[in-house]
Amino acid sequence: MNNHSAAPNQKRPFWTIARKDAAAGFLFIAPQTLGIITFVLIPLGLVFYYSMHEWNVLANTFTFVGDANYQMLLRDPNLPPVLLASAIFSAGLVVLNLSLALLLAVLLDQKLKGIVVFRTLFFSPVVVSLVAWTIVWSFLLQANGGINGILAVFGIEGPNWLRTPTTAMISVVVVQVFKNVGLNMILFLAALQGVPKELYEAARVDGASPFKQFRRITLPMISPTILLTSIITIVGSLQVFAQIAILTKGGPGVSTTVLVYYLYQQAFQFNFFGYGSTLSILLFLIVAVLTFIQWQMRKRIVFYEN
Amino acid sequence: MRTDLSPRLRVALYGLMCVLLIPFVFPTWWMITSSVKPISDIFAFPPDLWPRRFDFSTYQRVFELQPFARQYWNSAYIAAIVTAGTMVVSSMAGYAFARIKFPFSNAIFMIVLLGLLIPSEVTIVPLFQMFLGWGMINTHWPLILVPIFGAPSVFATFVMRQFFIALPGELEEAARVDGLGRFKIFWTIALPLAKPALGAVAIFTFLHSWNLYLEPIVFLSSTQMFTLPQALTQFTDAYGGAMWNIQLAAATMTAIPVLLVFIVAQKQFVEGLAHTGLKG
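Just so you know, these numbers come straight off a predicted model, no measurement behind them.

### Let's talk about the overall build of chain B
Phase 1: Summing up its helical and strand segments, chain B has 14 helices and zero strands in all.
Phase 2: The C-alpha radius of gyration computed for chain B amounts to 24 Å, which surpasses the reference 19 Å derived for 280 residues by more than 25%, pointing to a less compact arrangement than a globule.
Phase 3: For the C-alpha atoms alone, the extent of chain B along its principal axes is close to 75 × 65 × 30 Å.
Phase 4: Considering chain B as a whole, with its 280 residues, one finds that 44% of them fall into the buried category.
Phase 5: Taking the intrachain contacts of chain B between residues at least 6 apart in sequence as the baseline, contacts between residues at least 24 apart amount to 73%.

Spelled out as structure tokens, the structure:
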């Protein structure tokens, strides 16, 4: 690259500051942008392309079948229960996670000695290896495991948690909530500490009860954080895989087979790459629609945003 | 809502928090104590909160049943490279999107943000085929390249951009008047100021890589290449039953080092998370 600005008789050098900046900008974003093109956009196009093909790995054939995989999707008897399981899992996770996170954040926001110790302990599962955490819970939730052992001490006969459809679903939700609720807890805590103290003082002068203060001041003031955490949590809940694979393998039956796990089974256990790709498209559409709805809600329900 | 609390309320709050702590703390305790119980005591009734007999041979068995040291190294070096690589890629991209004017920057940023919308689960099938074509199946390349350059690093770029946007511009302007180039400004002025954001990015990238499970089981097939999360599920007897105490010993060795680092540096962890672009 010639640096023309050094040439004496040239009035307007090619490498102006603006052009240098533009070049630097493109260089700086190049690794990330090329990465997104290579590892996200091209694969997304390929997923769509694969989803219109019948792909037999054993016979090594790859034939165009148009919308046949999508027809199969609509007729797949497993799909309604899989979508139901995903919906129950995501809804249960978001509701439990956000309400527990908010409760813990309010508790940690109190003026109490040693509160940092509690904060550290509530947050600690976030840094425990996900698979290690899930294995311990799997051990605890065995029919003769720790939880039923403790229940039996009190004369209660616990269910076989991971082998009964309802309790299996409850188990995978709860295990995931305790693992990650610390993240949302910290975000809520930061939001609570950002609410101007004067608002509460004014409310107290007016005689508002603590409950009323929480409902009328705290909740509206932290609503941007509630929205943000709900987006992160819902999108995260659609990606849950290790917990299902280790705790229940999608069972009993298909009661805990969420969409990602079903996709994995179809593509990598049964080698139905075409149909697996169709399921990927479905997963992508669900994530996109949910994110869109939540960003629309942002305009309506979020009150105070800078 | 910080008000001064009556002593009675204070006791009630401590009590409530201690009860709530049980499901957060007990599993880790149970993992550590059960990992040193002989297999005959593992399902003892009533449950032993403290082992009645100790059997430390479980820790030795972990290394006999799996190439566990090798697997540990795999996880550690992959996480280290991914963390360092993501810090470089995301801080450069985040800085450019926040501070440098160049054509189409907003449009390109929107395209990059698509990575947040498209979780790697959606693209796992074509990624598998791509890496198969490149002869990189059963190597660590997919676990290194995709997180550094692909969807997982977009969140880091977003965090860095939010940080650099909030940074006052005067320092940079002064440097520009002195004729410093963009890279110099980025390296000597902007980046040192971004240490808190970089710290948060490092922590989350490390944890993400350390916890990766779907990708390793899709891309890796030989035990020598396995990462820890994958290795932890391999401790089964000839009938496929879990060898609980050995498995929990391996899980303890996986979890405890990160947990200790966290306890020492918990302030950085928690505040890094709370005060980075995450707030919106």
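So that's the structure; there's more coming.
### Looking at the overall build of chain A
Phase 1: Tallying secondary structure elements over chain A gives 13 helices and two strands in all.
Phase 2: Computed over the C-alpha atoms, the radius of gyration of chain A is 26 Å, more than 25% above the 19 Å expected from 2.2 N^0.38 for a compact globule of 306 residues.
Phase 3: Taken over 306 residues, chain A has a buried fraction of 40%.

### So, the UniProt feature "transmembrane region" (unreviewed entry) in chain B
Phase 1: Per the UniProt record, "transmembrane region" (unreviewed entry) is found at residues 12-32, 76-97, 109-132, 144-164, 185-207 and 242-265 of chain B.
Phase 2: Taken end to end, residues 76-97 of chain B is 100% helix and 0% strand, and its first and last C-alpha atoms sit 31 Å apart.

### Here we look at the interface of chain B and chain A
Phase 1: In this complex, chain B contributes 85 residues to the contact, which on the side of chain A involves 83 residues.
Phase 2: Per-element tally for the side of chain B that touches chain A: the top contributor is helix 1 (residues 7-34) of chain B, with 14 residues.
Phase 3: Of the residues contributing to the side of chain B that touches chain A, the split by class is 62 nonpolar, 16 polar and seven charged.

### Examining the domain arrangement of chain A
Residues and elements named next belong to chain A.
Phase 1: Each assigned domain of chain A is listed with its residue range as follows: domain 1 (17-68) and domain 2 (77-301).
Phase 2: The gap between the C-alpha centroids of domain 1 and domain 2 is 31 Å.
Phase 3: The partner domain 2 presents seven residues to the eight residues of domain 1 that form the contact.
Phase 4: Within the residue set of the side of domain 1 that touches domain 2, elements represented by two or more residues are helix 1 (17-50) and strand 1 (53-56).
Phase 5: Partitioning the side of domain 1 that touches domain 2 into residue classes produces five nonpolar, two polar and one charged.

### Regarding helix 10 (residues 223-237) of chain A
Phase 1: For helix 10 of chain A, which comprises 15 residues, the first-to-last C-alpha distance of 21 Å matches the rise-based estimate of 21 Å (1.5 Å per residue) to within 8%.
Phase 2: Listed in full, the buried residues belonging to helix 10 of chain A are Thr225, Ile226, Leu228, Thr229, Thr233, Ile234 and Ser237 of chain A.

### Comments concerning the pairing of strand 1 of chain A
Phase 1: Relative to strand 2 (residues 61-64) of chain A, strand 1 of chain A is paired through four bridges, and the arrangement is antiparallel. Bridge pairing in strand 2 of chain A places His53 of chain A opposite Phe64 of chain A.

### What about the nonpolar core?
Phase 1: Formed by 155 residues in total, the largest nonpolar core has its most connected members in Ala132 and Val136 of chain A.
Phase 2: Tallying contributions element by element places helix 7 (residues 165-193) of chain A first for this core, with 15 residues.
Phase 3: Counting contributing residues, this core receives three or more from each of domain 1 (17-68) and domain 2 (77-301) of chain A.
Phase 4: Here Ala132 of chain A is in contact with Met31, Leu232, Ala251, Thr254 and Ala255 of chain B, once residues within four sequence places are set aside.

### Points about the confidence of the model for chain A
Residues and elements named next belong to chain A.
Phase 1: Averaged over all residues, the pLDDT of chain A equals 87, while 94% of them reach at least 70.
Phase 2: Per-element mean pLDDT across chain A ranges from 83 in strand 1 up to 95 in helix 3 (residues 79-108).
Phase 3: Note that pLDDT drops below 50 for residues 1-7; the model gives that stretch seven contacts with residues more than four away or on any other chain.

### Concerning the environment of Ile88 of chain A
Phase 1: Among the secondary structure elements, Ile88 of chain A is positioned in helix 3.
Phase 2: Sequence separation between Ile88 of chain A and Ile170 of chain A is 82 residues; the distance between their C-alpha atoms is 9.5 Å.

### A few points about the confidence of the model for chain B
All names here are of chain B.
Phase 1: On average, residues of chain B carry a pLDDT of 88, and 96% of them reach 70 or more.
Phase 2: Ranking the helices and strands of chain B by mean pLDDT puts helix 6 (residues 141-149) first, with 96, and helix 14 (residues 266-274) last, with 77.
Phase 3: Taken over the whole predicted complex, pTM reads 0.88, whereas the ipTM for its chain interfaces reads 0.89.

### Points about the environment of Ala105 of chain A
Residue and element names in this part refer to chain A.
Phase 1: Counting through the fold element by element, Ala105 comes out in helix 3.
Phase 2: Residue classification places Ala105 among the buried positions, given that 24 C-beta atoms sit within 10 Å.
Phase 3: In sequence terms Ala105 and Val258 are 153 residues apart; their C-alpha atoms lie 30 Å from each other.
Phase 4: Beyond its immediate chain neighbours, meaning those up to four positions away, Ala105 contacts Met185, Phe188, Leu189 and Leu192.

### Here we look at the packing of helix 4 (residues 105-117) of chain B against helix 7 (residues 151-166) of chain B
Residues and elements named next belong to chain B.
Phase 1: Interaxial distance between helix 4 and helix 7 falls to 8 Å at its minimum, and their mutual angle equals 120°. The angle between helix 4 and helix 7 falls in the class oblique. Handedness of the crossing formed by helix 4 with helix 7: left-handed. Between helix 4, through Val112, Leu113, Gly115 and Leu116, and helix 7, the contact on the second element is made entirely by Ala151, Val154, Phe155 and Thr157.
Phase 2: Of the residues assigned to the contact of helix 4 with helix 7, the class counts are six nonpolar, two polar and no charged.

### Here's the deal with the packing of helix 4 (residues 115-127) of chain A against helix 7 of chain A
Residue and element names in this part refer to chain A.
Phase 1: Put simply, helix 4 and helix 7 touch, their axes get as near as 7 Å, and they point 120° apart. If you check the angle between helix 4 and helix 7, you find them oblique. Handedness of the crossing formed by helix 4 with helix 7: left-handed. Of helix 7, the residues touching helix 4 (which contributes Phe122, Phe123, Pro125 and Val126) are Phe178, Lys179, Asn180, Gly182, Leu183, Met185 and Ile186.
Phase 2: Grouping the amino acids of the contact of helix 4 with helix 7 by side-chain chemistry returns eight nonpolar, two polar and one charged.

### Here we look at the environment of Pro31 of chain A
Phase 1: If you trace the backbone, Pro31 of chain A turns up in helix 1.
Phase 2: In this structure Pro31 of chain A comes out as partly exposed when scored by C-beta crowding, with 18 C-beta atoms within 10 Å.
Phase 3: In this structure Pro31 of chain A touches Val89, Met92 and Phe149 of chain B, once residues within four positions along its chain are discounted.

Cut-offs used in this document
Residues numbered from 1 in each chain as written. Chains lettered and ligands numbered in written order. Predicted model: local features only at pLDDT ≥ 70, side-chain atom pairs only at ≥ 80, totals over all residues. Helix = DSSP H or I, 4+ residues; strand = E, 2+ residues; numbered from the N terminus. Rg over C-alpha atoms; globule rule 2.2 N^0.38 Å. Buried ≥ 20, exposed ≤ 12 C-beta atoms within 10 Å, placed from the backbone. Contact = placed C-beta atoms within 7 Å. UniProt positions renumbered as here; feature names shortened; annotations may be inferred. Nonpolar A, V, L, I, M, F, W, Y, C, P; charged D, E, K, R; others polar. Domains from an automatic or database assignment. Expected span 1.5 Å × (residues − 1). Pairing = 2+ DSSP bridges. Core = buried A, V, L, I, M, F, W, Y, C linked by C-beta atoms within 7 Å. pLDDT = per-residue confidence, 0-100. Axes fitted to C-alpha atoms, helices over the stretch in contact; angles between N-to-C directions. Parallel < 35°, antiparallel > 145°, perpendicular 65-115°, else oblique. Left-handed = near helix turned anticlockwise from the far one by under 90°.

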